[in-house]
Amino acid sequence: MSRRRRRRGPTALDFVVLAAVLAAIGYVGYRVNSVLVYQWDWSAIPGYFFRRDPKTGEWVANLLVKGLTTTVRIAFWGMIISTVLGVLLAFARTSRRLLPRLIGWAYVGFIRNIPPVPFLFLFYFFISTQLVPMLGIDRLLAQASPGTLSVLRVLFGEIALIPNFASGVFCLSLLMAAYIAEIVRAGIQSIARGQYEAGYTIGLSRLQIAWYIVLPQAVNRVVPPLTGQLITLVKDSSLVALISIQELSFLAMEIAISERRFFEVWLVTGLMYFVICYSLSLLMRRLERRALAYDR
Amino acid sequence: MQSVPTSTAPVIELHGVNKWFGEFHVLKDIDLTVHQGERIVVCGPSGSGKSTLIRCINGLEEHEAGRIVVGGIELDQNSRHVDAIRGEVGMVFQQFNLFPHLTVLENCTLGPIRSRGMGRREAEALAMQYLERVHIPEQAQKHPGQLSGGQQQRVAIARSLCMKPRVMLFDEPTSALDPEMIKEVLDVMVDLATSGMTMVCVTHEMGFARTVADTMVFMDAGSIIETGPPAEFFGAPRNDRTKLFLSQILTH
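It should be emphasised that the depicted structure is a prediction, and the values quoted were computed from it without experimental measurement. (Residues numbered from 1 in each chain as written. Chains lettered and ligands numbered in written order. Predicted model: local features only at pLDDT ≥ 70, side-chain atom pairs only at ≥ 80, totals over all residues. Heavy atoms only, no water.)

With respect to the helices and strands, A:Gln229 occurs in helix α11 (residues 223–236). Judged by its relative accessible area of 13%, A:Gln229 falls in the buried class. (Helix = DSSP H or I, 4+ residues; strand = E, 2+ residues; numbered from the N terminus. Buried < 20%, exposed > 50% of the residue type's maximum accessible area, 1.4 Å probe, protein only.)

All right, on to the sheet that holds strand β2 (residues 24–35) of chain B then. All names here are of chain B. The sheet built from four strands is open, its strands ordered β2-β1-β4-β5 with antiparallel pairing. One side of each edge strand has no neighbouring strand; the edge strands of this open sheet are β2 and β5 (73–74). In terms of strand pairing, strand β1 (residues 10–21) meets β2 through eight bridges, oriented antiparallel. Bridge pairing in β2 places Ile12 opposite Val34. (Pairing = 2+ DSSP bridges.)

In this assembly, 24 residues from chain B lie in contact with 20 residues from chain A. Approximately 2,000 Å² of surface area, both sides summed, lies buried where chain B meets chain A, with 59% of it carried by carbon and sulfur atoms. Three residues stand out in chain B for area buried against chain A, namely B:Arg86, B:His101 and B:Arg114, and they jointly supply 32% of the buried area on that side. Linking A:Glu197 and B:Arg55 is a salt bridge whose minimum nitrogen-to-oxygen distance equals 2.6 Å. Those elements giving two or more residues to the side of chain B that touches chain A turn out to be α2 (79–86), β6 (89–92), α3 (104–114) and α5 (149–161) of chain B. (Contact = heavy atoms within 4.5 Å. Buried area = accessible area lost by both parts, 1.4 Å probe. Salt bridge = Lys/Arg side-chain N within 4 Å of Asp/Glu carboxyl O.)

What follows is about the packing of helix α5 (residues 116–135) of chain A against helix α8 (residues 162–189) of chain A. All names here are of chain A. Where α5 contacts α8, the two axes come as close as 9 Å, and the packing angle between them is 130 degrees. With respect to α8, the axis of α5 lies oblique. Where α5 crosses over α8, the two elements pack in a sense that is right-handed. Each of Pro116, Phe119, Leu120, Phe123, Tyr124, Ile127, Ser128, Leu131, Val132 and Leu135 in α5 lies in contact with α8, whose residues at this interface are Pro163, Asn164, Ala166, Ser167, Phe170, Cys171, Leu174 and Leu175. Partitioned by chemical class, the residues of the contact of α5 with α8 number 15 nonpolar, three polar and no charged. (Axes fitted to C-alpha atoms, helices over the stretch in contact; angles between N-to-C directions. Parallel < 35°, antiparallel > 145°, perpendicular 65-115°, else oblique. Left-handed = near helix turned anticlockwise from the far one by under 90°. Nonpolar A, V, L, I, M, F, W, Y, C, P; charged D, E, K, R; others polar.)

Here we take up the pattern of salt bridges. Inspection of the entire model under this criterion finds 20 salt bridges over all chains. Residues A:Glu264 and A:Arg261 are paired through a salt bridge, measuring 3.1 Å at the closest nitrogen-oxygen approach. With respect to burial, A:Glu264 and A:Arg261 carry one shared label: buried. When salt bridges that share partners are traced, they join A:Arg193, A:Glu197, B:Lys19, B:Arg55, B:Glu61 and B:Glu64 into one network.

Residues and elements named next belong to chain B. Taken in spatial order, the six strands of this open sheet run β6-β7-β8-β3-β9-β10, and their pairing is mixed. Sheet topology places β6 and β10 (223–228) at the edges, where each strand pairs with a single neighbour. Across this sheet, the average inter-strand angle for adjacent strands is 20 degrees, counted without regard to direction. Relative to strand β9 (residues 215–220), strand β3 (residues 39–43) runs parallel, the two sharing four bridges. Its bridge partner lying in β9, Val41 is registered against Met216. Here α5 sits on the sheet and contacts β6 and β7 (167–171); the angle it forms with β6, its principal contact strand, is near 170 degrees.

Another aspect to go through is the pairing of strand β4 (residues 65–70) of chain B. Side-chain positions along a regular strand alternate between the two faces of the sheet. Residue and element names in this part refer to chain B. Pairing between β1 and β4: five bridges, direction antiparallel. When the sheet's bridge partners are listed, His15 is paired in β4 with Arg67. When β4 meets β5, the two strands line up antiparallel, connected through two bridges. Its bridge partner being in β5, Val70 is matched across the sheet by Ile73. Adjacent in sequence and paired antiparallel, β4 and β5 are bridged by two residues, among which Gly71 carries a positive phi angle near 55 degrees.

Any two packed helices are characterised by the angle at which their axes cross and by the distance between the axes. Residue and element names in this part refer to chain B. Between α3 and helix α4 (residues 120–133), the shortest axis-to-axis distance is 9 Å and the interhelical angle comes to 125 degrees. Considering their axes alone, α3 and α4 lie oblique with respect to each other. The way α3 lies across α4 gives a crossing that is right-handed. Where α3 approaches α4, its residues Val104, Leu105, Cys108, Thr109, Pro112, Ile113 and Arg114 are matched on the opposing element by Arg120, Ala123, Glu124, Leu126, Ala127, Met128 and Leu131. In the contact of α3 with α4, the residues fall into 10 nonpolar, one polar and three charged.

On to the confidence of the model for chain A. Looking at chain A as a whole, the pLDDT averages 89, with 98% of positions reaching at least 70. Ranking the elements of chain A by mean pLDDT puts helix α6 (residues 137–143) of chain A last, at 81, and helix α9 (residues 193–201) of chain A first, at 96. (pLDDT = per-residue confidence, 0-100.)

And the structure:
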């Protein structure tokens, strides 16, 4: 807390840089307006957020809002699954045993060194034809009561699309887990040996030491890079548009094409991602502050 | 090798213990017996193997040859034996090793709750009792980082005591402390000694050793060179290396 350095006010250089940035923005705006001769037309956009149902006359969510909720759902489950997987992989990579270390090493090496697009296509095929049927999601959905179904609809979206949705979430989570694993591993390896020894002498098991002593401290130390990775996860959730999951980018593409309003649609879409990601980083900053509260 | 004649059973027995760090022979044929209620102070120059010795007693380090028996259970390859022993042997480290993300109270209750299966309320009552004993009950809700070194080390002692160990090991507990904080920790240790706790202390605090030790153990180059009651040990050391060490450490 006392370590924080005193911050200086703006200097002349800061104003010069600021002026340069503003000039650059102005120039881009000028080029778009005069050189592209682009006719701005925002009139179609609001209708894609909400539309009036012609039969009932009620306002219902339209494509952009539907896409946004799907993206939020994918990001939410993706964060949970990839974090759990990432933590397990991180412990595997720091294990004393050879086999877990090898598995963790191979997994991270495999994922990090191929681009997400081939991975997505290859694994989507495997996951959607093998893993998801194996989990028996279809069967469970067929047996679910109406009450359960309405809860599931809130959590996972359209019931008929849940297997598809699950495939997308798994693909994304498997990708992100490798990066999260490396971040958490750095945290785990920064924990001093004395912490393990102290846990050992008060009779804790290996698992208890990992869960109660190592993991909380490790995660606290890596909140800033972890925030970056979770934001990447939100943004990269647009990758699952490639496997036809109707999230924000997928639907924005459809609107942009059918309305031929590329700048408007993508500006709005970008802004929507920004709002999600920035809220997330604000949330994580609060977490970071709490995490550092005990640190000297 | 003789120890103070006592009628009680030995709590710790070491027979012909040997240990190597790679090529380095760190413990050489160590024989040592600690009886119930006995207080042993181990001293010697740095690198003499004294820390390694006490770390072997609770299984933090493995020994390669010889036998170590604690409370009737032999420390061997059987991990169940090791698990049975480590809850019975408390340890206080030079660097305190408190858990910085937990409050003082949580530091003390973690072991009893998770390892002993004690209820939270009971564990907290126990922790407060020991925090009072080390004179810092008012710090219970703070985090270790908010405390001074001396206070942290007293919390570490309380944390160990909460496991109700049969033996307490101290590994240079005052070496990382500022001079003005050493006394508050030693006071707690003296109090503990007076209460009848079996203790093995590695320390350079010779004043403390004189006050509480039943037996002094002097180690050099991995061997126990001399043992004896403090009066004899300080007054008439037999071995030349002991004499040299004492002359170096007691000149001030």
